[in-house]
Amino acid sequence: QVQLVQSGGGLVQAGGSLRLSCAVSGRPFGRNVMGWFRQAPGKDREFVAAIGIDTLYTESVKGRFTISRDNAKNTVDLQMNRLKPEGTAGYYCARDEDQWSAHARRVEYDYWGQGSQVTVSS
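Residues numbered from 1 in each chain as written. Predicted model: local features only at pLDDT ≥ 70, side-chain atom pairs only at ≥ 80, totals over all residues. Heavy atoms only, no water.

Undergrad: I'd like a rundown of the nonpolar core, residues and numbers included.
TA: Of all hydrophobic cores here, the largest spans 26 residues; its most connected members are W36, L78, M80 and Y91. Of all the secondary structure elements, the ones that give two or more residues to this core are β3 (18–25), β4 (34–39), β5 (46–51), β7 (65–70), β8 (75–80), β9 (89–95) and β11 (116–121). If you tally residues by element for this core, the top one is β3, at 4 residues. With 7 residues, the next largest nonpolar core counts V33, F47, A50 and A94 among its residues. (Core = buried A, V, L, I, M, F, W, Y, C linked by side-chain atoms within 4.5 Å. Buried < 20%, exposed > 50% of the residue type's maximum accessible area, 1.4 Å probe, protein only. Helix = DSSP H or I, 4+ residues; strand = E, 2+ residues; numbered from the N terminus.)

Right, here's the structure in full:
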């Protein structure tokens with residue numbers, strides 16, 4: 001059974017940095033697409049970044065967030081710099097079992113982490 005276990009997150013002032021990590025177990029890590037999404041209260045879950053054989057970012061985080069994977073550790077990280085208050089949300093990692101090219105199609109991700117709260121104060 002595939003499990004995604006997240007760590008990181010917390011409270012930070014605007015302009016600060018946080019790092020999220022997602023550890024995958026139960027399946028070879030491989031080249032499968034790993035993604036990060038976020039969901040603010042009352043809003044839909046939205047795409048943030050993804051990594052497979054390539055990377056993809058939503059426009060609002062380009063140049064500030066970096067997604068990376070460590071195949072030896074079976075982890076994918078999201079480094080978030082210059083955070084903004086509108087980045088306050090629950091952040092979720094996800095895994096697509098079928099694709100290698102990064103994408104933002106939420107419904108195609110098969111497994112999800114438990115979520116990590118990120119709160120950015122102004």
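Undergrad: Could you give an account of the state of the cysteines, naming the residues involved and the relevant values?
TA: Within this structure, the stated rule accounts for 1 disulfide. Disulfide pairing is shown between C22 and C93; the S-S distance is 2.1 Å. Here C22 and C93 share a disulfide; its torsion about the S-S bond, 55 degrees, makes the bridge right-handed. In this pair, C22 is assigned in strand β3 and C93 in strand β9, connecting sequence segments 71 residues apart. C93 carries the same exposure label as C22, and that label is buried. (Disulfide = S-S within 2.5 Å.)

Undergrad: Give me the lowdown on the environment of F47, citing residues and values where you can.
TA: Relative to the assigned elements, F47 resides in strand β5. Those residues in contact with F47 that sit more than four places away from it in its chain are W36, F37, L56, Y57, T58, H103 and A104. (Contact = heavy atoms within 4.5 Å.)

Undergrad: An account of the sheet that holds β7 is requested, with residue identities and associated values reported.
TA: In spatial order, the strands read β1-β3-β8-β7; together these 4 strands make up an open sheet with antiparallel pairing. Strand pairing shows two members of the sheet lacking a second neighbour, β1 (3–8) and β7, which therefore form its edges. Ignoring which end each strand starts from, the neighbouring axes of this sheet average 15 degrees apart. For β7 and β8, the ladder comprises 6 bridges, and the chain directions are antiparallel. (Pairing = 2+ DSSP bridges. Axes fitted to C-alpha atoms, helices over the stretch in contact; angles between N-to-C directions.)

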